[in-house]
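# Working through the structure, step by step
Each chain, letter by letter, is given below.
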Amino acid sequence: MRTTGVSPDTGSVAGNARRAMRSFVSGWPARMTRLGKAELVTGELLSVDESLDRIRAVTATQVQDLAADLAARPRSVVRVGPFGD
């Protein structure tokens, strides 16, 4: 994506995100999870439609800019746990 840009298929990714979100919010356990996450992570509770509007508002240029930024950052490795001698 860094060198070739966002393909036309990227729109299907956004469509998949919308479908996944619609299925995620069905039922009360999913709703409670969404409410808890909203409170803990962002402190802001958005309706499903507001969330979908924000997803739709993302442009291909924004995706490309973020991908370029992330690809340019230094990488690191983190290891956790006991390791043999």
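A quick note: this is a predicted structure, and the numbers were derived from the prediction, not measured.

## Brief notes about the overall build of the protein
When you go through the protein residue by residue, the secondary structure sums to 4 helices and 0 strands. For the protein, the N- to C-terminal ordering of α and β elements is α-α-α-α. The buried share of the protein, taken over its 85 residues, is 16%. Sequence-distant contacts in the protein: of pairs separated by 6 or more residues, those separated by 24 or more amount to 53%.

## Notes on the pattern of salt bridges
Enumeration over the complete set of coordinates arrives at 3 salt bridges. For the salt bridge of Asp53 with Arg56, the shortest nitrogen-to-oxygen distance reads 2.7 Å. Placement of both Asp53 and Arg56 in helix α3 (residues 48-57) is noted, with a separation of 3 residues, approximately one turn of the helix. One salt bridge in this structure joins Arg73 and Asp69, with 2.7 Å as the shortest N-O distance. Judged by its relative accessible area of 35%, Asp69 falls in the partly exposed class.

## Considering helix α2 (residues 28-42)
For α2, which comprises 15 residues, the first-to-last C-alpha distance of 20 Å matches the rise-based estimate of 21 Å (1.5 Å per residue) to within 8%. Within α2, burial applies to Ala30, Arg34 and Ala38. Mapping the buried residues of α2 onto a view down its axis gives an arc of 75°, with all of them on the same face. Counted as exposed and oriented over 90 degrees from the buried face of α2: Trp28, Glu39 and Leu40. Positive backbone phi, at 75°, marks Gly43, one or two positions downstream of α2.

## As for α3
If you check which residues of α3 are buried, you get Val48, Ser51 and Leu52. Along the long axis of α3, the arc covered by the buried residues comes to 95°, so they all point the same way.

Rules behind the numbers
Residues numbered from 1 in each chain as written. Predicted model: local features only at pLDDT ≥ 70, side-chain atom pairs only at ≥ 80, totals over all residues. Heavy atoms only, no water. Helix = DSSP H or I, 4+ residues; strand = E, 2+ residues; numbered from the N terminus. Buried < 20%, exposed > 50% of the residue type's maximum accessible area, 1.4 Å probe, protein only. Contact = heavy atoms within 4.5 Å. Salt bridge = Lys/Arg side-chain N within 4 Å of Asp/Glu carboxyl O. Expected span 1.5 Å × (residues − 1). Arc of directions from axis to C-beta.

By themselves, these observations are geometric and do not establish any function.
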